[in-house]
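Okay, here's what each chain looks like letter by letter:
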Amino acid sequence: MPRSRAVAPLALPSALAVLDRLLRHYPSPDTELVYRNAFELLVATVLSAQSTDRRVNETTPALFARYPDAATLATAALDDVEALVRPTGFFRVKARAIITLSHQLVQDHGGAVPGDMDALTALPGVGRKTANVVLGHALGVPGLPVDRHVLRVAERIGLTRETTPEAVERDLCGVLPPEQWTAMSDGLILHGRRICRPRPLCPQCEVRDICRYPFKTAGRAALDLDAPAAGAPTRRRKAGVPIVEASRTPAPDKSGAYVSRTTKADRRAPKAESRTPNAARRSSSAVGARKRGRR
Ligand code: SF4
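Residue numbers here run from 1 along each chain, matching the order of that chain's written sequence. Given that the model is predicted, a residue must reach a pLDDT of at least 70 before its local features are reported, and side-chain atom pairs must reach 80 or more before they are shown or counted; all residues, however, enter totals for whole chains, interfaces and linings.

**Description of the site of the ligand**
Okay, step 1: Each residue gets a C-beta atom placed from its backbone. If that atom is within 6 Å of a molecule or strand, the residue is near it. The environment of the ligand is formed by 13 residues, the closest being Cys 196, Cys 202, Cys 205, Cys 211 and Tyr 213.
Okay, step 2: With three residues, the top contributor of residues to the shell around the ligand is helix 9 (residues 148–157).
Okay, step 3: Gly falls in the polar group here, along with every residue not listed as nonpolar (Ala, Val, Leu, Ile, Met, Phe, Trp, Tyr, Cys, Pro) or charged (Asp, Glu, Lys, Arg). The residue inventory of the shell around the ligand, partitioned by class, reads 11 nonpolar, no polar and two charged. Here a helix means four or more residues in a row that DSSP labels H or I, a strand means two or more in a row labelled E, and each is numbered from the N terminus.

Here you go:
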């Protein structure tokens, strides 16, 4: 019987080394939202929740043609704004949010978008991610937005063990110079959309030789990522058999994607984006068919 071969774990990759690879592949990473000023980016980012940048970019020209600044949007009729932003989804909530935040911008900041985190997150409907997008892209203030792509890709590569946006932001900002924060976020987002998708295309990846994901999927215990807490139950294994075996390293399927376990970040991803209604219907009818077949 062939002997099992243990896989040696990689060292933790340096954030700067990862950024260097990402910048080689995406030389000028930037947000894919189209905007002309901080107000437009703020509104576009609010509209992008549970939607796509492309859908938002198709929607905002008509919105900003009619309401070009906070003063005009603050006095807009709710039903008119709802009709304009309807294609982005959740249009009633979003319409109310952008009217309310415009009103607050006029009342507290003379219609201008403030350039600091506390003032931005005090606006209705504006969280850290939206504030960082606006700070980093439109106001020249360092900011590292953490969305579901940043969460997933940074955790897979091994840049962080954290699972919340605030903690991941803290980890990445702690090891990068402020002038690189926004570029890192943009690079991870683009990489998460194009290569390191929920089913990652590892064979096409610029970062694969310093990414820890293949080792994690082969067996997280080998990297000590999931070391059990003291007193916790542990898996039993036969003496002399390594936890990670070369034969368990995931292989790409026909499309080149690696089929592997879902990460914590993936499980947090909004279902609306990761699974279309049609896909959900197909999946549930397939499960039903399998059950019927077993009967
Ligand atoms: S090697 Fe795979 S998991 Fe790692 S960053 Fe690239 S696509 Fe993502």
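**Considerations on the nonpolar core**
Okay, step 1: Buried Ala, Val, Leu, Ile, Met, Phe, Trp, Tyr and Cys residues form a nonpolar core when they are connected through C-beta atoms within 7 Å. Here the C-beta atoms are placed from the backbone, and a residue counts as buried if at least 20 other C-beta atoms lie within 10 Å of its own, exposed if 12 or fewer do, and partly exposed otherwise. Ranked by size, the top nonpolar core spans 32 residues in total, and within it Leu 41, Leu 42, Val 43, Ile 98 and Val 134 carry the most contacts.
Okay, step 2: Taken together, the elements giving at least two residues each to this core come down to helix 2 (38–47), helix 3 (53–66), helix 4 (70–74), helix 5 (78–85), helix 6 (91–109) and helix 8 (128–138).
Okay, step 3: With seven residues, helix 2 is the single largest residue contributor to this core.

**Observations concerning helix 10 (residues 165–175)**
Okay, step 1: Within helix 10, the full set of buried residues consists of Pro 165, Val 168, Glu 169, Leu 172 and Cys 173. End-on view of helix 10: buried residues confined to an arc of 125°, all on one side of the axis. In helix 10, those exposed residues whose orientation departs by more than 90 degrees from the buried face are Glu 166 and Gly 174.
Okay, step 2: Think of it this way: build a C-beta for each residue from its backbone, and any pair within 7 Å is a contact. As for helix 10, its buried residues are in contact with helix 1 (15–25), helix 8, helix 9 and helix 11 (181–194). The directions from the helix axis to the C-beta atoms form the arc being described.

**Concerning helix 2**
Okay, step 1: Of all 10 residues that make up helix 2, nine are buried, and the element is covered over most of its length.
Okay, step 2: For helix 2, the full list of buried residues reads Phe 39, Glu 40, Leu 41, Leu 42, Val 43, Ala 44, Thr 45, Val 46 and Leu 47.
Okay, step 3: Elements that come into contact with the buried residues of helix 2 comprise helix 3, helix 4, helix 5, helix 6 and helix 8.

**Looking at unusual backbone geometry**
Okay, step 1: Here Gln 50, not a glycine, exhibits a phi torsion of approximately 60°, which is positive.
Okay, step 2: Relative to the helices and strands, Gln 50 is located in the loop between helix 2 and helix 3.

**Side note on the environment of Phe 64**
Okay, step 1: Here Phe 64 is to be found in helix 3.
Okay, step 2: Look at Phe 64 and you get buried, because 21 C-beta atoms sit within 10 Å.
Okay, step 3: Note: C-alpha distance between Phe 64 and Tyr 35 (29 residues apart in sequence) is 9.7 Å.

**Section: the environment of Ala 38**
Okay, step 1: Note that Ala 38 resides in helix 2.
Okay, step 2: For Ala 38, a count of 19 C-beta atoms within 10 Å gives the class partly exposed.
Okay, step 3: It is 9.1 Å that separates the C-alpha atoms of Ala 38 and Pro 114, two residues lying 76 residues apart in sequence.
Okay, step 4: Discounting chain neighbours no more than four positions away, the residues touching Ala 38 are Val 113, Val 134, Ala 138 and Leu 139.

**With respect to the environment of Pro 61**
Okay, step 1: Structurally, the position occupied by Pro 61 is in helix 3.
Okay, step 2: A count of 11 C-beta atoms within 10 Å places Pro 61 in the exposed class.
Okay, step 3: Distance from Pro 61 to Glu 40, taken between C-alpha atoms, is 9.8 Å for residues 21 residues apart in sequence.

**Things to note about the packing of helix 5 against helix 6**
Okay, step 1: Two elements in contact, helix 5 and helix 6, have axes separated by 8 Å at closest approach and are oriented at 120°. The angle between helix 5 and helix 6 falls in the class oblique. Read as a crossing pair, helix 5 and helix 6 show a hand that is right-handed. Side by side, helix 5 and helix 6 meet where Leu 78, Val 81, Glu 82 and Val 85 of the first sit next to Phe 91, Arg 92, Lys 94, Ala 95, Arg 96, Ile 98 and Ile 99 of the second.
Okay, step 2: Within the contact of helix 5 with helix 6, the residues separate by chemical class into seven nonpolar, no polar and four charged. Here an axis means a line fitted to C-alpha atoms, over the contact stretch when the element is a helix, while the angle between two N-to-C directions is reported on a 0 to 180 degree scale. Any angle that is under 35 degrees is reported as roughly parallel, and any over 145 degrees as roughly antiparallel; angles of 65 to 115 degrees are reported as roughly perpendicular and all others as oblique. For a crossing to be left-handed, the near helix must be turned anticlockwise from the far one by less than a right angle; the clockwise case is right-handed.

**Details of the packing of helix 1 against helix 11**
A pair of packed helices can be characterised by two numbers: the angle between their axes and the separation between those axes.
Okay, step 1: Where helix 1 meets helix 11, the closest approach of the two axes is 10 Å, and the angle between their N-to-C directions is 60°. Seen along the crossing, helix 1 lies across helix 11 with a hand that is left-handed. The residues of helix 11 that touch helix 1, namely those facing Leu 19, Leu 22 and Leu 23, are Ala 183, Met 184, Gly 187 and His 191.
Okay, step 2: A breakdown of the residues in the contact of helix 1 with helix 11 according to their chemical character gives five nonpolar, two polar and no charged.

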